[in-house]
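Results of the structural survey
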Amino acid sequence: MKILLKHAHILDSNSPHNGSVKDVLIIDGFFEKINDSITASDDMFQLFDVSVSPGWIDIFSHGCDPGIEYKETLETLAASAAAGGFTTVFTLPNTNPVVQNKTQVEYIIQKSKTLAVHIQPLGALTKNCEGKELAEMYDMQNSGAIAFTDGINPVQSAGLLMKALEYVKPFNGTVIQVPRDKSIGEYGLINEGIISTRLGLPGIPAMAEELMVARDIKLVRYTNSKIHFTGISTAKSLKYIQRAKEAGLKVTCSVTPYHLFFCDEDLQDYETNLKVTPPLRTRKDMLALREAVKQGLVDCIASHHIPQDWDSKTCEFEYAKIGMIGLQTSFSAVKTAIPELDENALVKLFSANAREIFNLPKFFIKEKAEADITIFNADDSYTLRKENNESKSANSPFFNKQLRGKVIGIYTKGKLTLNK
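For the structure given in this document, a descriptive report is provided here. Just so it is clear, the model here is predicted, and its values are computed rather than measured.

1. Some words on the overall build of the chain
Secondary structure summary: the chain contains 12 helices and 19 strands in total. With 420 residues in all, the chain has 59% of them scored as buried. Residue pairs at least 24 apart in sequence account for 74% of intrachain contacts in the chain once pairs closer than 6 positions are excluded. Entry remark: accessible area of the chain is about 16,700 Å², with carbon and sulfur atoms responsible for 49%. Side-chain charges in the chain split into 47 positive and 50 negative, and the spacing between the mean points of these groups amounts to 3 Å.

Dropping the structure here:
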């Protein structure tokens, strides 16, 4: 198949064409020609006036396969990822059974080979993600696990996490942690503050996250290993991470689109789709996250795509399960929340930094190189509707909201996938 991108704005710091507007010809999975003007032929599929970057990566999505396929399957996850502009997705180990040995890692890798995007399994850090005993990380790494985490279950034991950090060090592995000390605000439902008091809901103090970030940074300092904090939600956590980076520690972080878009004030009508973990924090925290993204302190955007079925969200707030779907709206939510963020910074957040942190293959937009790209328009609008939702679940507060920034499609594995 021949694809011709006419007047494409190329965004790739490693490309000789970075920042320029060129015609881009792709044939059979490779960039055949990049020039000021390429004459189209009848056998070429054409797209006009788009931006193009190396393929985006989401580092924290729940594929729900095996065992929870009524919420999501790898097929619907891949379709959602493609619609959101992602050519690679990391899937959480919190399945049934848990992805905790090489057999389960290989199951996901083999099953995803025929799908529209690259799916990379995250291996469990501890057996059954229970935080009691280390899982078989070395075997999982040899079988293709991209990094290690207990996913939505943060590791509570400092000693166990220290052992995990030491264990992954020989093969340059990375531990991913959602920082929360569950002994603080154990039964909390939203951020502890004025809003939780007004709504009569038990709160989760910001300290529950900040203590865990501070603790884990000390463990990284001791082990000289690598950790990636995802779902950072407070201003003080950002300060701790900034100091760790300035000290030369191997600490990186990501934020979710919804923590940039919403704050706890948006919960005043008890919207269950906004019940997430970490919880939405104060407006001050939300603005601090936006500023950290603009300053480059935040390394990646992570969708925290957590599908939930209808029954899990259509109930009282107290009983609703956590999470929202987010792959299709990640780019548009970030672009809407921070409209002044330039496209080069967006590409770093969605692609380049993750490839560096997790030692992924690098794709460059240059002639004769393999094509793995995201095609988008940062100024167009996008609205998630029931008709274009690719996920098996529909737990999103973004339905029928007009957002800025639209994904046109992706090209990866030698195939073009366009949005509906």
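The rest of the description comes next.
2. Structural notes on the sheet that holds strand β7 (residues 86-91)
The sheet built from 3 strands is open, its strands ordered β6-β7-β8 with parallel pairing. In this open sheet, the two edge strands, each paired with only one partner strand, are β6 (56-61) and β8 (118-121). Strand after strand, the sheet turns through a mean of 20° between neighbouring axes, direction not considered. Pairing between β7 and β8: 4 bridges, direction parallel. Residue pairing in the sheet places Thr91 in a bridge with Pro121 of β8. Against the sheet, helix α1 (residues 74-83) engages β6, β7 and β8, with an angle of about 135° to β7.

3. Details of helix α12 (residues 343-357)
Over its 15 residues, α12 runs 20 Å from end to end, which matches the ideal 21 Å to within 8%, given 1.5 Å per residue. Leu349 marks the point of greatest bend in α12, at about 45°. Taken together, the buried positions of α12 are occupied by Glu343, Leu346, Val347, Leu349, Phe350, Ser351, Ala354, Arg355 and Ile357. Where α12 begins, one side-chain oxygen reaches toward the backbone nitrogen of Asn344, 2.9 Å away; that side chain belongs to Asp342. Downstream of α12 by a residue or two, Asn359 has a phi angle that is positive, lying close to 55°.

4. A few points about a positive patch on the surface
On the surface, a cluster of positive charge is made up of Lys236, Lys239, Arg243 and Lys284. Mapped onto the elements of the fold, Lys284 is located in helix α9 (residues 283-295).

5. Digging into the side chain of Ser143
Relative to the helices and strands, Ser143 resides in helix α3 (residues 137-143). For Ser143, a relative accessible area of 16% puts it in the buried group. Side-chain polar atoms of Ser143 contact the side chain of Glu106, separated by 3.2 Å. In this view, Ser143 contacts Lys102, Val105, Glu106 and Ile109; residues no more than four positions away in its chain are not counted.

6. Looking at α1
Along α1, 8 of the 10 residues are buried, which leaves the element largely enclosed by surrounding structure. Within α1 the residues assigned to the buried category are Leu74, Thr76, Leu77, Ala78, Ser80, Ala81, Ala82 and Ala83. Elements in contact with the buried residues of α1: β6, β7, α2 (102-112), β8, β18 (402-412) and β19 (415-418).

7. Section: the packing of aromatic side chains
What the rule picks out here adds up to 14 aromatic pairs. With 4.9 Å between their ring centres and 45° between their planes, Trp56 and Phe331 make a pair best called tilted. Note that Trp56 is positioned in strand β6 and Phe331 in helix α11 (residues 330-337), a separation of 275 residues in sequence. Here Trp56 and Phe331 have matching classes, each one buried. Grouped by ring-pair contacts, the aromatic residues Trp56, Phe86, Phe331, Phe350 and Phe376 constitute a single cluster. Here Lys275 stacks its cationic end above the ring of Phe317, 5.6 Å away from the centre of that ring.

8. Re the nonpolar core
One broad trend across soluble globular proteins is that nonpolar side chains are buried collectively. One finds Phe229, Ile232, Val251, Leu260 and Phe350 to be the most contacted residues of the largest nonpolar core, which totals 63 residues. The biggest single contributor to this core is α1, with 5 residues. Listed in part, the 19 residues of the second largest apolar core include Phe31, Val52, Ala369 and Leu416.

9. Looking at the pairing of strand β15 (residues 251-255)
Of all 5 residues in β15, 5 are buried, a share of seventy percent or more. Bridge count between strand β14 (residues 227-230) and β15: 4 bridges; the pairing is parallel. Bridge pairing in β15 links His228 to Thr252. Crossover connection from β14 via helix α7 (residues 235-246) to parallel β15: handedness right-handed. Strand direction decides the pairing type here: β15 and strand β16 (residues 300-301), joined by 2 bridges, are parallel. Bridging across to β16, Val255 finds its partner in Ile301.

10. Points about the packing of helix α6 (residues 207-223) against α7
Between α6 and α7, the shortest axis-to-axis distance is 9 Å and the interhelical angle comes to 10°. Here α7 runs roughly parallel to α6, going by the angle between their axes. Between α6 and α7, the residues in contact are Glu209, Glu210, Val213, Ala214 and Ile217 and Lys236, Ser237, Tyr240, Ile241 and Ala244, respectively. Of the residues belonging to the contact of α6 with α7, the class tally is 6 nonpolar, 1 polar and 3 charged.

Parameters at a glance
- Residues numbered from 1 in each chain as written.
- Predicted model: local features only at pLDDT ≥ 70, side-chain atom pairs only at ≥ 80, totals over all residues.
- Heavy atoms only, no water.
- Helix = DSSP H or I, 4+ residues; strand = E, 2+ residues; numbered from the N terminus.
- Buried < 20%, exposed > 50% of the residue type's maximum accessible area, 1.4 Å probe, protein only.
- Contact = heavy atoms within 4.5 Å.
- Areas by Shrake-Rupley, 256 points an atom, 1.4 Å probe, with all protein chains shown as cover.
- Lys, Arg positive; Asp, Glu negative; His and termini not counted.
- Charge placed at Lys NZ, Arg CZ, Asp CG, Glu CD.
- Pairing = 2+ DSSP bridges.
- Axes fitted to C-alpha atoms, helices over the stretch in contact; angles between N-to-C directions.
- Expected span 1.5 Å × (residues − 1).
- Bend = angle between axes of the 7 residues up to and from the residue.
- Polar contact = N/O pair within 3.5 Å; in protein donor to acceptor, adjacent residues only side chain to side chain.
- Patch = residues over 30% accessible without salt bridge, like charges linked within 9 Å, V, L, I, M, F, W, Y side chains within 5 Å.
- Salt bridge = Lys/Arg side-chain N within 4 Å of Asp/Glu carboxyl O.
- Phe/Tyr/Trp six-rings, centres within 6.5 Å; stacked < 30°, edge-to-face > 60°.
- Lys NZ or Arg CZ within 6 Å of the ring centre and 35° of its normal.
- Core = buried A, V, L, I, M, F, W, Y, C linked by side-chain atoms within 4.5 Å.
- Right-handed = clockwise from strand over helix to strand, strands pointing away.
- Parallel < 35°, antiparallel > 145°, perpendicular 65-115°, else oblique.
- Nonpolar A, V, L, I, M, F, W, Y, C, P; charged D, E, K, R; others polar.

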